[in-house]
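# An overview of the molecular structure
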Amino acid sequence: MLANSTFASLRNKIQHERFYDPLQCEFEKNFILVWEDITPSLLIENENMLSLFQVLNRKNSRITISSQTPGTNMIFNAFALKVINSIHPLWTFWELNELKRRMFPIWFKKRETMTSEEYRGNGYELSDLNDVEDITLDKLSSQLEIFWRNIDNCNQYSKVKKQLQKHKKYIINARLSSEIIVTHSLIYQLSINESIKRFNDYWDFVNEKILTISSGTEQFLDSFITQSIETKMKQNNQAINAGCPELTEVVTDIDPKALKEAIERAKTDGYLDSRVNVSELTNLMKNRGYNMINQNGKNVWKHII
């Protein structure tokens, strides 16, 4: 689907793409929603679109959409995988921070920037998750299709998944990783412990190289500073119109107390990571040309540059 897709187009696409399952004697109720070229504004400015990507619990994932036939509905299990392709680091926008704990990010590298050693042609196997930059979905999808067409594999999957329960405390992001760990173990004929290690190593890589918190904090600061300036400009105009120019303020000045309270609210609401500290905040404000100074006995973030 494209970034400008509507709910109606989503409904029609799903209706036309569903396949008939001869084993269950019904059309599939699950689906994979693939969205191309997603921008942060699409999700930030449209709560309905964002809600499509916030379903994580199977128990409340059932959704009903009006079908093309009048008086009838289409029922779907919205827990099915959603795949987003975007050049934007969506997790760095504080309004989208909730997605961070629901995402399984894969970092792609442009083929033309790869060396021949990195790319290694069509012989690449998805067996070493440390080489995430080399992952190709064609290779992955073909192996998954072969796997899931085999009923014995499906039965074995259910059996191994039950065995995985006793290992959950050793799995990083178990809610996102459990099913794919089982599938990985069966496809590559690895022990559960080995597959768990591969994915734990992968999440260590993700947390270190991808899901950094500073950029998300920067988005929050930029938004807070912009709103503060706009508010002061309005207040200054009101003061001038009321004949009280002495009440006007420097619009770029930031009240440290107000900023601290806004950050604490954002932490409580889950928009910002609880690890945001004074040192990080000071560096980020300085990067924006602000220094903390004492003005008339009161601390203020002053825009110097």
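Scroll up to find the structure.
What counts, and where the lines are drawn
- Think of each chain on its own: its residues are numbered from 1, step by step along the sequence as written.
- Selection of residues for local features in this predicted model requires a pLDDT of at least 70, selection of side-chain atom pairs for listing and counting requires 80 or more, and totals for whole chains, interfaces and linings are taken over all residues.
- The basis for the side-chain values is all heavy atoms of the structure; hydrogens and waters are excluded.
- Strands are runs of DSSP state E lasting at least 2 residues, helices are runs of H or I lasting at least 4, and numbering of each runs from the N terminus.
- Partly exposed residues are those whose accessible area sits between 20% and 50% of the maximum for their type, while under 20% is buried and over 50% is exposed, using a 1.4 Å probe and protein chains only.
- It only takes one pair of heavy atoms within 4.5 Å for two residues to be counted as in contact.
- Working definition of accessibility: Shrake-Rupley area with a 1.4 Å probe, residue cover restricted to the visible protein chains.
- In these notes, a set of buried Ala, Val, Leu, Ile, Met, Phe, Trp, Tyr and Cys residues joined through side-chain atoms within 4.5 Å is what counts as a nonpolar core.
- One side-chain nitrogen of Lys or Arg within 4 Å of one carboxyl oxygen of Asp or Glu is enough to make a salt bridge.
- Only when DSSP finds a minimum of two bridges between them are two strands counted as paired.
- Aromatic rings from Phe, Tyr and Trp, with only the six-membered ring used for Trp, were paired whenever their centres fell within 6.5 Å, and each pair was classed as stacked if the ring planes differed by under 30 degrees, edge-to-face if by over 60, and tilted otherwise.

This part is about the overall build of the protein. When you go through the protein residue by residue, the secondary structure sums to eleven helices and eight strands. Every one of the 305 residues in the protein was classed for burial, and the buried ones make up 34%. Counting only contacts in the protein whose residues sit at least 6 apart along the sequence, the fraction spanning at least 24 positions is 61%. Within the structure as shown, the protein displays about 19300 Å² of accessible surface, and the carbon and sulfur contribution to it stands at 51%.

Once that is clear, we can look at the side chain of S228. Assignment of secondary structure puts S228 in helix α9 (residues 214-241). With a relative accessible area of 16%, S228 lands in the buried category. Dropping the residues within four chain positions of it, S228 is found in contact with D253 and I254.

We now examine the nonpolar core. L43, L96, L99 and V206 are the most contacted members of the largest nonpolar core, which totals 22 residues. A per-element tally of this core places helix α8 (residues 192-209) first, with four residues. Other than its neighbours up to four places away in sequence, V206 contacts P105 and L211. With 15 residues, the next largest nonpolar core counts F220, I225, L259 and Y290 among its residues.

Under the defined criterion, the tally for this structure stands at five salt bridges. Linking E194 and R198 is a salt bridge whose minimum nitrogen-to-oxygen distance equals 2.9 Å. In this pair, E194 and R198 both sit in helix α8, four residues apart, roughly one turn of the helix. Notably, a salt bridge pairs D253 with K302, separated by 3.2 Å at the nearest N-O pair. In this pair, D253 sits in the loop between α9 and α10 (256-268) while K302 sits in strand β8 (residues 298-303), placing the two residues 49 residues apart along the sequence. D253 sits in the buried class, given a relative accessible area of 7%. A relative accessible area of 18% places K302 in the buried class.

Look at any regular strand and the pattern is simple: side chains alternate between the two faces of the sheet. As defined by bridge partners, strand β7 (residues 290-295) adjoins β8 across six bridges and the pair is classed as antiparallel. Bridge pairing links M292 to W301 in β8.

A one-sided burial pattern is seen for strand β3 (residues 33-36), the buried positions being L33 and W35 and the unburied ones V34 and E36. Of the strand pairs in this sheet, β3 and strand β6 (residues 82-85) are connected by four bridges, and their pairing is parallel. Within β6, the residue paired with V34 across the bridge is V83.

The next subject is the packing of aromatic side chains. Ring pairs (aromatic) are described by centroid distance and by the angle formed between their planes. Going through the model one piece at a time under the given rule, you end up with five aromatic pairs. Ring centres of F104 and F199 lie 6.2 Å apart, and the angle between their planes is 65 degrees; this geometry places the pair in the edge-to-face category. A residue pair is termed long-range when its members are at least 10 positions apart, and F104 in the loop between β6 and α4 (116-119) and F199 in helix α8 qualify at 95 residues. Accessibility expressed as a relative area gives 3% for F199, which makes it buried. Summarising the aromatic geometry, the rings of Y202 and W203 are spaced 5.8 Å apart at their centres and angled 70 degrees between planes, so their arrangement reads as edge-to-face. Take Y202 and W203: they sit in the same class, and that class is buried. Here the aromatic residues F104, F199, Y202 and W203 are joined through ring pairs into a cluster of three or more.

Geometry only, nothing functional implied.
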